Amino acid sequence: MTTTSNTVYSTFTGWIDPPTDVRPPLTEDLTCRVAVIGGGLAGMSTALRLAERGVDTVLLEAEFCGYGSASRNAGQLASAPGGDIQLLNLFFRKRMPAIIRLTENAAHHVEDLIETLGIDCDYEPTGNVFTAVSRGQMGRVRRVAKILRGAGAHVEEGSSRELGVPHGFVNGLREVHGGIMNPGKFTRGLRGAVLSSSARVFEQSKVADIARDGAGVVVSTPRGVVRAQKVVLATNAFAGEWDIAPKRLSSPMWVVEVETEPIDPERLAALGWTSRSGLVTQHNIMENYRLTSRNTIVCGVRRIERGKSYPLPEKSPDPALVAELADAFARRFPTLADVAVDRAWGGWIAITSTWLPIAGKIGDDVFYSVACNGHGLAQAPYLGSLIADLIVTGTPADDLRTVWIEEPKFARPMMMGRFGLRTVWAVDRVNDLINGSRRNARKGFTAAQFRRLPSRPS
Ligand SMILES: Cc1cc2nc3c(=O)[nH]c(=O)nc-3n(C[C@H](O)[C@H](O)[C@H](O)COP(=O)(O)OP(=O)(O)OC[C@H]3O[C@@H](n4cnc5c(N)ncnc54)[C@H](O)[C@@H]3O)c2cc1C
């Protein structure tokens with residue numbers, strides 16, 4: 001894959017255009033039982049569920065519902081947890097079966113939403129595959145498979161041929177549940193459902209402050225105020241913008257995806273990607289690859305960048321990273337090395353200090369959930385709806401208990417500073433270089449020739 005002068009760098013997403021019916025901002029003072037802040041997957045699901053259960057709900061969104069990572073993600077609906085599974089198992093071995101139950105239920109919850117709301121989002125229940133691109137990664141796949149299977153996950157191991165993934169990947173592990181979709185279309189469908197519900201939705205209404213006044217919670221936007229009995233913070237990576245949010249609730253990270261131009265179906269068929277499963281490599285910072293219904297391939301991540309301070313800036317991808325992603329793509333799919341990058345976009349994700357989704361309460365009246373860690377497409381809507389159920393019934397569902405935080409105190413995340421991220425990225429590149437050297441030596445390349453190839457670490 002190559003970048004060209006026609007590559008479009010977007011500050012929104014490549015999946016869909018922004019809506020043309022953006023709702024007007026809040027311009028009055030009003031009261032409600034529950035105010036939900038943030039119209040992403042979590043916030044829209046919470047508001048929709050509350051509305052379905054007859055609760056007087058207001059949803060406040062800074063731009064338009066779906067503006068955040070909801071519409072920007074890679075569309076890989078995962079049924080396993082995000083983060084490093086071996087580390088999760090090291091720290092939370094006893095909780096792993098409950099965590100797996102939550103993550104698999106989350107994937108099913110989204111599949112049910114697609115069906116019950118009738119959302120056309122090109123969903124394909126293909127599962128997603130943890131793929132190895134080297135011998136070292138093969139070992140990691142085997143260890144992860146053992147952990148996941150031991151915790152009750154539905155997974156299957158195999159060679160690339162057995163799993164129906166492209167020949168360039170060595171072997172892998174498929175999470176059987178979940179699949180791939182156009183997340184822009186999914187989010188647009190969810191937005192349509194919320195706008196048609198009894199929830200009062202105000203877009204272009206950025207919450208500037210959240211405070212208590214004795215009678216409830218006061219949520220201030222530039223032109224209006226909402227007084228609510230309860231508030232749900234569903235702003236994902238942006239949660240740290242207010243004093244009321246717990247310190248270090250999550251670390252905001254900037255992640256990029258790129259999409260190829262449409263590819264001739266015969267060339268795609270020649271890849272051997274018969275399962276169409278989404279792929280995630282076993283690097284410390286993964287690469288993801290997936291087919292789309294428009295005969296393109298979307299891929300991304302490889303490098304993540306920490307947000308320095310709030311408010312988080314609106315960004316478009318760094319051309320150097322897009323070129324690096326294109327170069328990695330060309331190595332994984334050598335027969336498609338000439339394909340051009342059509343578009344590139346990025347978004348803010350939230351990484352928690354434990355790499356687990358989290359949910360909890362601040363005092364008695366402010367609820368929060370952060371379900372990202374790169375896997376929020378399934379987990380954010382699920383936790384959002386469980387928070388709504390908790391508000392209505394007063395009793396948390398078992399899956400909510402699994403990630404419930406009693407005291408909102410969070411440790412500083414490890415290796416998430418600029419230097420840590422750069423080091424982890426460099427380790428991945430050195431491993432690529434070693435494994436690439438071995439492979440290319442076998443093909444007759446010399447080490448010196450290999451060093452001259454374009455993707456060596458700079
Ligand atoms: C490039 C990329 C690729 C990804 N790939 C995948 C993937 O393949 N699979 C997967 O499972 N997950 C993936 N993710 C993660 C997934 O998209 C997120 O976990 C999920 O969208 C989180 O949903 P959310 O509702 O919590 O947050 P968001 O969708 O980010 O929503 C937060 C909302 O809050 C609003 N907001 C912010 N501040 C305020 C304020 N002050 N007042 C009012 N509203 C405010 C924002 O405008 C936004 O609409 C990816 C993310 C990115 C960025």
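All of these numbers come straight from a predicted model, not from anything done at the bench. (Residues numbered from 1 in each chain as written. Predicted model: local features only at pLDDT ≥ 70, side-chain atom pairs only at ≥ 80, totals over all residues. Heavy atoms only, no water.)

**Description of the nonpolar core**
Here is the rule: Put simply, a nonpolar core is a bunch of buried Ala, Val, Leu, Ile, Met, Phe, Trp, Tyr and Cys residues held in one set by side-chain atoms that sit within 4.5 Å of each other. Exposure classes here rest on a 1.4 Å probe applied to the protein chains alone. A residue is buried below 20% of its type maximum, exposed above 50%, and partly exposed in between. The domain limits used here are those given by an automatic or database domain assignment. Contacts are assigned to residue pairs that have any heavy atoms within 4.5 Å of one another.
Grouped together as the largest cluster of nonpolar side chains are 72 residues, with contacts concentrated most on V226, V231, L233, V258, Y289 and I297. A domain split of this core shows at least three residues from each of domain 1 (8–405) and domain 2 (418–451). Beyond its immediate chain neighbours, meaning those up to four positions away, V258 contacts M1, I297, V298, C299, V322, L325, V341, R343 and A344. Counting 48 residues, the second largest nonpolar core, distinct from the first, contains A47, A107, L113 and F367.

**Quick notes on empty space enclosed by the protein**
A probe as big as a water molecule, rolled over the atoms, marks out the empty space that is left. For the record, the criterion: For cavity detection a 1 Å grid was placed over the protein atoms alone, and a set of points counts as a cavity when a 1.4 Å probe fits there but cannot get out; an open set counts as a pocket when protein lies on both sides within 12 Å along at least five of seven lines, with lining residues being those that have an atom within 4 Å of a point. Grid points are joined across faces, edges and corners, and a volume is the space filled by probe spheres set on the points. The numbering of helices and of strands both runs from the N terminus, where a helix is a DSSP run of H or I of at least 4 residues and a strand a run of E of at least 2.
Scanning all chains against the criterion turns up 1 cavity of 30 Å³ or more. Approximately 70 Å³ is the volume attributed to the largest cavity. Lining of the largest cavity is provided by 13 residues; of these, I16, P19, C65, R188 and R191 occupy positions nearest its centre. For the lining of the largest cavity, the element with the most residues is helix α7 (residues 183–196), which contributes 4 residues.

**What to know about the domain arrangement of the protein**
Basically, it comes down to this: When two components associate, each loses some accessible surface as probed by a 1.4 Å sphere; the sum of these losses over both components is called the buried area. Note on definitions: salt bridges are taken to be side-chain nitrogens of Lys or Arg within 4 Å of carboxyl oxygens of Asp or Glu. By the criterion applied in these results, polar contacts are pairs of N or O atoms within 3.5 Å in which, for protein atoms, one can donate a hydrogen and the other can accept it, and in which residues neighboring in sequence qualify only through two side-chain atoms. Amino acids outside the nonpolar list (Ala, Val, Leu, Ile, Met, Phe, Trp, Tyr, Cys, Pro) and the charged list (Asp, Glu, Lys, Arg) are all regarded as polar, and Gly is one of them.
Here the domain parsing of the protein yields domain 1 (8–405) and domain 2 (418–451). Distance from the C-alpha centre of domain 1 to the C-alpha centre of domain 2: 30 Å. Of the residues lining the interface, 15 residues belong to domain 1; the matching set on domain 2 comes to 10 residues. Taking both partners together, domain 1 and domain 2 bury about 1100 Å²; carbon and sulfur atoms supply 49% of that area. Summed over the three residues of domain 1 that lose the most area to domain 2, namely N284, I285 and R302, the buried surface amounts to 34% of that side. D432 serves as the salt-bridge partner of R302, at 3.8 Å between the closest nitrogen and oxygen. Counting across the domain 1 and domain 2 interface gives 4 residue pairs in polar contact (both at pLDDT 80 or more). Top element by residues in the side of domain 1 that touches domain 2 is helix α9 (residues 319–332). It accounts for 3 residues. Taken together, the residues of the side of domain 1 that touches domain 2 sort by class into 4 nonpolar, 3 polar and 8 charged.

**A word on α9**
Let me state the cut-off plainly: Multiplying one less than the number of residues by 1.5 Å gives the expected span of a helix.
A rise of 1.5 Å per residue sets the reference length of α9, with its 14 residues, at 20 Å; its end C-alpha atoms lie 20 Å apart and thus fit the reference within 8%. By the criterion of burial, α9 is predominantly enclosed, with 10 of the 14 residues buried. Backbone nitrogen of A320 and a side-chain oxygen of the N-cap are separated by 2.9 Å at the start of α9; the cap is D318.

**Some points on the packing of helix α1 (residues 41–52) against helix α10 (residues 376–393)**
A pair of packed helices can be characterised by two numbers: the angle between their axes and the separation between those axes. Spelled out, the test is: For helices, the fitted axis covers only the stretch in contact; all axes are lines through C-alpha atoms, and the angles between them, taken along N-to-C directions, range from 0 to 180 degrees. In this scheme the crossing of two helices becomes right-handed for a clockwise turn of the near helix relative to the far one and left-handed for an anticlockwise turn of less than a right angle.
At their nearest, the axes of α1 and α10 sit 7 Å apart, and the two run at 35° to each other. Seen from above, α1 lies across α10 with right-handed handedness. From α1, L41, A42, S45, T46, R49 and L50 reach across to α10, where they touch G376, L377, A380, P381, G384, S385, A388, D389, I391 and V392. The residue inventory of the contact of α1 with α10, partitioned by class, reads 9 nonpolar, 5 polar and 2 charged.

**Details of the side chain of T187**
Relative to the elements of secondary structure, T187 occurs in helix α7. Sequence-distant contacts of T187, defined by excluding residues within four places in its chain, comprise L41, M44, G66, A70 and S71.

**As for the site of the ligand**
For the record, the criterion: The nearness test applies per residue and asks whether one of its heavy atoms lies within 4 Å of the molecule or strand. To be clear on the numbers: accessible area is Shrake-Rupley with a 1.4 Å probe, and residue cover counts the displayed protein chains and nothing else.
Around the ligand, the structure places 37 residues, and the nearest of them are L41, A42, E61, A70 and Q76. One of the backbone nitrogen or oxygen atoms of Q76 is found 2.8 Å away from a nitrogen atom of the ligand. Between a nitrogen atom of the ligand and a main-chain N or O atom of G374, the distance comes to 2.9 Å. Burial of the ligand by the protein chains amounts to 97% of its free accessible area of 1000 Å². Where the shell around the ligand is concerned, the elements lending two or more residues are α1, α2 (69–72), β13 (251–260), β18 (341–351) and α10.

**Regarding the environment of I405**
Turning to its location among the elements, I405 is positioned in strand β21 (residues 404–405). C-alpha of I405 to C-alpha of Y368: the two residues are 37 residues apart in sequence and 10.0 Å apart in space. Discounting chain neighbours no more than four positions away, the residues touching I405 are I358, A359, G360, Y368 and F410.

**Digging into the pairing of strand β20 (residues 366–370)**
Worth spelling out the cut-off: A strand pair is defined by DSSP finding two or more bridges across the two strands.
Judged by how many residues are buried, β20 sits mostly within the fold: 5 of 5 residues are covered. Burial along β20 is two-sided: the face carrying V366, Y368 and V370 and the face carrying F367 and S369 are both buried. Relative to β20, strand β12 (residues 224–233) is paired through 3 bridges, and the arrangement is parallel. Residue V232 lies in a different strand from β20, and its bridge partner there is F367. Sheet topology note: the strand β19 (residues 358–362)/β20 ladder contains 5 bridges and is antiparallel. Across the sheet, I362 pairs through a bridge with V366, a residue of β20. Between β19 and β20, which follow one another and run antiparallel, lie 3 residues, and G363 among them has a positive phi close to 65°.

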